[in-house]
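Residue-level structure breakdown
Read off the chains here:
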Amino acid sequence: MNSKLATATPRATGFSLVELMISITIGLLLIAGMATLVSNNSAHRAELEKSSRQIENGRYAMQILSDDLRHAGYYGEYYEFGAVPATLPNPCSTTLADLSPALPLAVQGYDAPSSLPTALATCIGDANHVDGTDVLVVRRTSTLVNSSSLVAGRVYLQTRSDSYVLNDGSVAAATWNLKKKDGTTAADIRQLVVHVYFVSPCSVPASGTSCTGAADGGKPIPTLKRLELTSSGGTRSMVITPLVEGIENLQIDYGTDSIGTGTPNNYVMSPADTTAWGNVVAARVQLVARNVEATAGFADSKSYDMGLAPDFSPDSSVQQFKRHAYAQLVRLENPSARREQ
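Rules behind the numbers
Residue indices begin from 1 for each chain and proceed along its sequence in written order. Only residues with pLDDT of at least 70 get local features here, since the model is predicted, and only at 80 or more are side-chain atom pairs given and counted; chain-wide, interface and lining totals rely on the full set of residues. Side-chain numbers here rest on the full set of heavy atoms in the structure, without hydrogens or water. Strands here are runs of E lasting at least two residues and helices are runs of H or I lasting at least four, both read from the DSSP assignment and numbered beginning at the N terminus. Here's how the labels work: a residue is buried when its accessible area is under 20% of the maximum for its type, exposed when over 50%, partly exposed in between, all with a 1.4 Å probe on protein chains only. When charges are counted, Lys and Arg contribute as positive and Asp and Glu as negative, whereas His and the chain ends are disregarded. Here a salt bridge means any side-chain nitrogen of Lys or Arg lying within 4 Å of a carboxyl oxygen belonging to Asp or Glu. As used in this structure description, the phrase polar contact means that two N or O atoms lie within 3.5 Å; if the pair is within protein, one of them must be able to donate a hydrogen and the other to accept it, and residues adjacent in sequence are counted only when both atoms belong to side chains. Every residue pair with non-hydrogen atoms within 4.5 Å of one another is taken to be in contact. Among buried residues, the Ala, Val, Leu, Ile, Met, Phe, Trp, Tyr and Cys ones that are joined through side-chain atoms within 4.5 Å form a nonpolar core.

The next point concerns the side chain of D216. Within the secondary structure, D216 is located in helix 4 (residues 215-218). No salt bridge is formed by the buried D216, whose closest oppositely charged neighbour, K225, lies at an N-O distance of 7.3 Å. Of the polar contacts made by the side chain of D216, one reaches the backbone nitrogen of S203; its length is 2.9 Å. There is a polar contact of 2.8 Å between the side chain of D216 and the backbone nitrogen of V204. In this view, D216 contacts C202, S203, V204 and I221; residues no more than four positions away in its chain are not counted.

Now for the nonpolar core. If you look at the biggest cluster of nonpolar residues, it comprises 28 residues, and the most contacted ones within it are L65, L69, V107, L136, I247, L250 and L287. Broken down by secondary-structure element, the contributors of at least two residues to this core are helix 1 (17-71), strand 2 (135-141), strand 5 (189-200), strand 8 (247-256), strand 10 (280-290) and strand 13 (323-331). Dropping the residues within four chain positions of it, L69 is found in contact with V107, L136, V138, A283, V285, V330, R331 and L332. In terms of nonpolar packing, the next biggest core, distinct from the first, is built from 22 residues, C92, Y110, V137 and L227 among them.

With that settled, consider the pattern of salt bridges. Evaluation of the coordinates by the stated rule reveals 15 salt bridges. Salt-bridge contacts for R331 lead to E340; the nearest nitrogen and oxygen are separated by 2.5 Å. Through salt bridges with shared partners, a single network forms among E248, R290, D300 and R323.

Another point: the environment of C92. Positionally, C92 belongs in the loop between helix 1 and helix 2 (96-99). Along the primary structure C92 and V196 are separated by 104 residues, whereas in three dimensions their C-alpha atoms are 8.7 Å apart. Beyond its immediate stretch of four places on either side in the chain, C92 contacts A119, L120, T122, C123 and M238.

See the structure below:
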């Protein structure tokens, strides 16, 4: 009987235990490497976002301050200022009797107070101000002419080159009696602007209006804020508005012109008296912006140049935040231009 030899088919065998363990180990190493890569990329992206927000906040804060300073002392066509007041005006006052004589001082400031002067304590309060940071006051009018009805409680200025009328928006229309050069057309009316800039230890208080350790969810964020002259229901008041989070320090050097050329011949941290404040024609603004969120494992031991003021070194309790310093020289266009005539 013929028969064919059967060809043996190799039997498939699985991985050995050793091979399986080696493959699992290699797979785990690859997964761990990918997880580390993803984690590092995520951490780097988070830090990049923090830095981007910090840069944006610092530049935005500087833009707000510099734009307002450039418009300081803008009162429309009004040119002939009277004498500066004998004492610094109260920036918290909303009465017409205090607002009018303060007009010749386009800017005034308070140099790094550790305790706010009485005038400011009534509208800001020590708990809402970071000790050792400057307070800046800017006075001007809006660049927009009021073409509609005036609002009761708000303060307006009607000006021509040699005189002005300052009054409440609720007064009779006949009060605004200034005319332009043609003797017929009513002179422009603009809203009076009074801004007080300061650095607060928090953005949003936990309750009420005072900053405490419970503000901002228990992690207070230093914030540039502004007091604004406004009105509600016909009643004038100074209202605090948060502007930019992460602004930790603000220092301003004032350029004074004592010889009447419109160009600063000296820079000081605080002019000596109201006459010197009336001679301010420029400002060097220095501020430090920090990240809103801390960076684990980071310690900021640097010092930051703050102009004529002492260098700023962050306290050890907040060194885990990354920072950047900003500086800009701003010309006060209106006070300086008047001196060039």
